[in-house]
Amino acid sequence: MGEAQKGLLSVIEKLKGTTEQEVRIVLLGLDNAGKTTLLKSLASEDVNTITPTQGFNIKSVASHGMKLNVWDIGGQRKIRPFWKKYLENTDLLIYVIDSADKKRFEETGLELSELIDEENLKGVPVLIFANKQDLATASPASEIAEGLNLHTYRDREWQIQACSAVSGEGVQDGMNWICNNIVNKKK
Amino acid sequence: MAEDDSEWVVESIVGYLGSPEWVIPVTDFMENKCTVFDDEDENKLSYTEIHQQYKTLVEKLLEHYMQEVGINEQQFLDACTSPFAKSKTLQSVFQPVLATDDFQMFRTLMVQKNMELQLQALRVIKERNGALPDCLTDGADVMTELQQQEMKILQEVLKKSKEEYDEEMSRRLLFEEELGSTSSSCSDKPMTEGGESQNTTSAASQHSSAAKVSPESKPAIKAAASGGGDEKSAAKKPTADCGSNGVESRVLPAVKAPAKSGEPSLSSSSGGGGGGPQTKEQSGVRSQTPAESWLEEAHREAGFSEPYTELSASQQEQLQQRAAYLRQQRDKLHALRKEQQKTKQTAKREKSPSSRTPTPTATPEAVGQSQRNGVCSPPPPAPPRAPPAAPPPAQHSAAPPKQKEISAEERKKLQKRKHLADKLKEEVIKK
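Residues numbered from 1 in each chain as written. Chains lettered and ligands numbered in written order. Predicted model: local features only at pLDDT ≥ 70, side-chain atom pairs only at ≥ 80, totals over all residues. Heavy atoms only, no water.

Chemist: Just to check I follow, could you spell out the overall build of chain B for this structure?
Modeler: Broken down by element type, chain B carries 20 helices and zero strands. Split into buried and exposed, the 431 residues of chain B put 52% on the buried side. In chain B, 78% of the contacts between residues at least 6 apart in sequence involve partners at least 24 apart. Summing over all exposed atoms, chain B offers an accessible surface of approximately 20,200 Å²; the carbon and sulfur share of this is 54%. (Helix = DSSP H or I, 4+ residues; strand = E, 2+ residues; numbered from the N terminus. Buried < 20%, exposed > 50% of the residue type's maximum accessible area, 1.4 Å probe, protein only. Contact = heavy atoms within 4.5 Å. Areas by Shrake-Rupley, 256 points an atom, 1.4 Å probe, with all protein chains shown as cover.)

See the structure below:
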């Protein structure tokens, strides 16, 4: 029965018959990390009217001949338990960190490690955006990588990218990494 | 072989997707769950849950179907990807299926469904009550816009009427001087016939004294008011009928003709709000009504006026009663209007009331003339008030046209409501 369902789902997936390769990306991180701003910046939308996300946002971005469906799910503590409902069939995880919020580095690290352990994210590449580099108090990406023990990840591709979602700096670099990685992986 | 296969499979699938077996559960699901789906950019977490439930439902249905028909998933897929199934007409049929895998599509379907239901509900409410309750229209800007427009129109009408009144007054004075004897005869006529004409007391008095002149000029005021409306609203109604009467009384002719044409146009210009009678009930509509109500009064009085000449004492009493009633109504209107426009208008109002009050008395004369030809010009105005006040038999002729007017007014009202509903719809759909 379970198998039959899976089969049917895949059938319906194929029904869409789009020639484009579709990629499902989940965008996570603590509240106020800048996930929605990043999402809007990716979609070239106005980033000045963003309010805390209570639910989730979806944007489809065309890049490198692929269609990236990016799911940005609210990061408030009470919403985090819902994260795992969105992890199924995810091709890539983007994790956003407020580089200037040193007090919560530990908290964000814990959340990330929990995600990494999720069955649905097994082997899924991770891109970490060290966001808010435009702030003077922001920690450098290397420092954050160390704090997160990224170098201990053995089962997946990972990358940390310094950026500022507000100015857009570094965002494109991250996207390039994503596309290169997805292409490699999907092949 | 394979092609043949897929063709009948496609047909079968399409048939299934149009059958109650599929449509009823899917539609039920959507109608039950769509209420939380709004148009916001951000998705609610609950959408995901509902989407999950939807997937389960569709999978169950399709599996059941495939088992029944005896096709496997591969056949299903082949059929659905065949060129036949790719036609546009079939694409929409497959949408609910594809929505299982495509959250965005699912969301769109649900938002659409929600909107449909909302519009349906609005329609039902409208059909039941004839109008949308305030709570459903109030929030919309449309309402305030309309009201503002009405206020503007009213103010302009008042201004115009005042101007024209002043003009009339000065003209009247001139007239009087020039045609002293003739005009006096006109105004006197009705009164003499009527015998004890208390209403007309002032009118009865000779033109010689300036004070007496004013009563006559009052009808003119009404006309002026209506005239103002006319100029604004392009839709003029045939004024000709009354115009012919004009010959009889120089003063009055001008008055009547505009009044008739003016009324309909006035109401239309004001956005089709109710006539004078409704004003009391609907505060929203009030703004325009006062002007209309004068006109209506004039008309009604006109209806009477014919009889007036041959009136019995009792009938005259009735007339008086009506006049008193009218005055009361007017007072109410004034009070209402004062509330609405405290500052500017007060000055004008003070003037206009005084001019208006006498009107009932003065109009009969005018009416009498108009009535002769009057039949042709249906006294459009005051349907609602007429019933209580107007027992006199002479009015029969006038009555039927009045009823017509009612329906016309109601039609206008209905149109207004429709307009509102349309706007609402637009807003909802735009989203």
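Chemist: Help me understand the UniProt feature "binding site: Mg(2+)" (unreviewed entry) in chain A in this model?
Modeler: Residues given the UniProt feature "binding site: Mg(2+)" (unreviewed entry) here are A:Thr36 and A:Thr53. Considering the C-alpha atoms alone, the annotated residues occupy 18 residues of sequence yet fold into one spot, their largest mutual distance being 7.5 Å. A relative accessible area of 8% means that A:Thr53 is categorised as buried. Not counting residues up to four positions away in its chain, the partners in contact with A:Thr53 are A:Thr36, A:Asp72, A:Gly74, A:Gln76, A:Ile79 and B:Glu42. A distance of 2.8 Å separates a polar atom in the side chain of A:Thr53 from a polar atom in the side chain of A:Thr36. (UniProt positions renumbered as here; feature names shortened; annotations may be inferred. Polar contact = N/O pair within 3.5 Å; in protein donor to acceptor, adjacent residues only side chain to side chain.)

Chemist: Help me understand the confidence of the model for chain A, please; the structure alone is not making it clear to me.
Modeler: Detailed reading of the predicted model is not advised wherever pLDDT is low. Averaged over chain A, the pLDDT score is 88; the fraction of residues at 70 or greater is 87%. Overall, residues 1-6 of chain A carries pLDDT values under 50, and its contacts beyond four positions in sequence, including any with other chains, amount to five contacts. (pLDDT = per-residue confidence, 0-100.)

Chemist: I'm lost on the packing of helix 2 (residues 20-33) of chain B against helix 3 (residues 45-69) of chain B in this one. Help?
Modeler: All names here are of chain B. Viewed as axis vectors pointing N to C, helix 2 and helix 3 meet at an angle of 175°, and their least axial separation amounts to 11 Å. By the angle between their directions, the pair helix 2 and helix 3 is classed as roughly antiparallel. Note on element contacts: helix 3 touches helix 2 through Ile 50, Gln 53, Tyr 54, Leu 57, Val 58, Leu 61, Leu 62 and Glu 68, opposite Glu 21, Trp 22, Pro 25, Val 26, Phe 29, Met 30 and Lys 33. Taken together, the residues of the contact of helix 2 with helix 3 sort by class into 11 nonpolar, one polar and three charged. (Axes fitted to C-alpha atoms, helices over the stretch in contact; angles between N-to-C directions. Parallel < 35°, antiparallel > 145°, perpendicular 65-115°, else oblique. Nonpolar A, V, L, I, M, F, W, Y, C, P; charged D, E, K, R; others polar.)

Chemist: What am I meant to see in the packing of helix 2 of chain B against helix 6 (residues 103-129) of chain B here?
Modeler: Angle between the axes and distance between the axes are the two parameters that describe a pair of packed helices. All names here are of chain B. Taken N-terminus to C-terminus, the directions of helix 2 and helix 6 make an angle of 75°; their axes are 9 Å apart at the nearest point. Here helix 2 lies roughly perpendicular to helix 6, going by the angle between them. Contact residues: Thr 27, Phe 29, Met 30, Glu 31 and Lys 33 in helix 2; Phe 106, Leu 109, Met 110, Lys 113 and Leu 117 in helix 6. Per-class residue counts for the contact of helix 2 with helix 6 are six nonpolar, one polar and three charged.

Chemist: Explain the packing of aromatic side chains to me, please; I cannot follow it from the model alone.
Modeler: Centre distance and the angle of the planes are the two values used to describe a pair of aromatic rings. Residues and elements named next belong to chain B. Applying the stated criterion across every chain yields a total of 11 aromatic pairs over all chains. An angle of 35° between the planes, with centres 4.8 Å apart, marks the rings of Tyr 54 and Phe 106 as tilted. With Tyr 54 in helix 3 and Phe 106 in helix 6, this pair connects stretches of sequence that are 52 residues apart. Here Tyr 54 and Phe 106 have matching classes, each one buried. (Phe/Tyr/Trp six-rings, centres within 6.5 Å; stacked < 30°, edge-to-face > 60°.)

Chemist: Just checking my understanding: could you explain the confidence of the model for chain B for this structure?
Modeler: With 47% of its residues at a pLDDT of 70 or more, chain B shows a mean pLDDT of 65. Throughout residues 304-309 of chain B the model reports pLDDT below 50, and contacts reaching past four residues in sequence, or to other chains, amount to 26 contacts.

Chemist: Where do I start with the sheet that holds strand 3 (residues 66-73) of chain A in this structure?
Modeler: What links the strands of a sheet is backbone hydrogen bonding, and the strands pair in either a parallel or an antiparallel sense. Residues and elements named next belong to chain A. If you trace the six strands from one edge of the open sheet to the other, you get 2-3-1-4-5-6, paired in mixed fashion. Edge positions in the sheet fall to strand 2 (56-63) and strand 6 (158-162), since each of these pairs with one other strand and no more. When the angles between neighbouring strand axes are averaged without regard to direction, this sheet yields 20°. The pairing of strand 4 (residues 92-98) with strand 5 (residues 126-131) spans six bridges and is parallel. Directly across from Tyr 95, in strand 5, lies its bridge partner Ile 128. (Pairing = 2+ DSSP bridges.)

Chemist: Sorry if this is basic, but what is going on with helix 2 of chain B here?
Modeler: Note on helix geometry: an α-helix contains 3.6 residues per turn, so any two residues three or four positions apart are oriented the same way. Residue and element names in this part refer to chain B. Under the 1.5 Å per step criterion, the end-to-end length of helix 2 is 19 Å for 14 residues, consistent within 8% with the ideal 20 Å. Within helix 2, the full set of buried residues consists of Trp 22, Val 26, Phe 29 and Met 30. Each buried residue of helix 2 sits inside an arc of 95° when the element is viewed along its axis, so together they form one side. Residues of helix 2 that are exposed and point over 90 degrees away from its buried face: Pro 20 and Asn 32. (Expected span 1.5 Å × (residues − 1). Arc of directions from axis to C-beta.)

Chemist: Can you help me understand the pattern of salt bridges in this one?
Modeler: Any two side chains of opposite charge can pair, given that their charged atoms come close. Residues and elements named next belong to chain A. A complete count under the given rule lists 18 salt bridges over all chains for this structure. Its salt-bridge partner being Asp 101, residue Arg 104 comes within 2.9 Å of it at the nearest N-O pair. Across the salt bridge formed by Arg 156 and Asp 155, the nearest N and O atoms sit 3.2 Å from each other. For Arg 156, a relative accessible area of 7% gives the class buried. The network of salt bridges with common partners includes Asp 31, Arg 77, Arg 80, Asp 101, Arg 104, Glu 107 and Glu 111. (Salt bridge = Lys/Arg side-chain N within 4 Å of Asp/Glu carboxyl O.)

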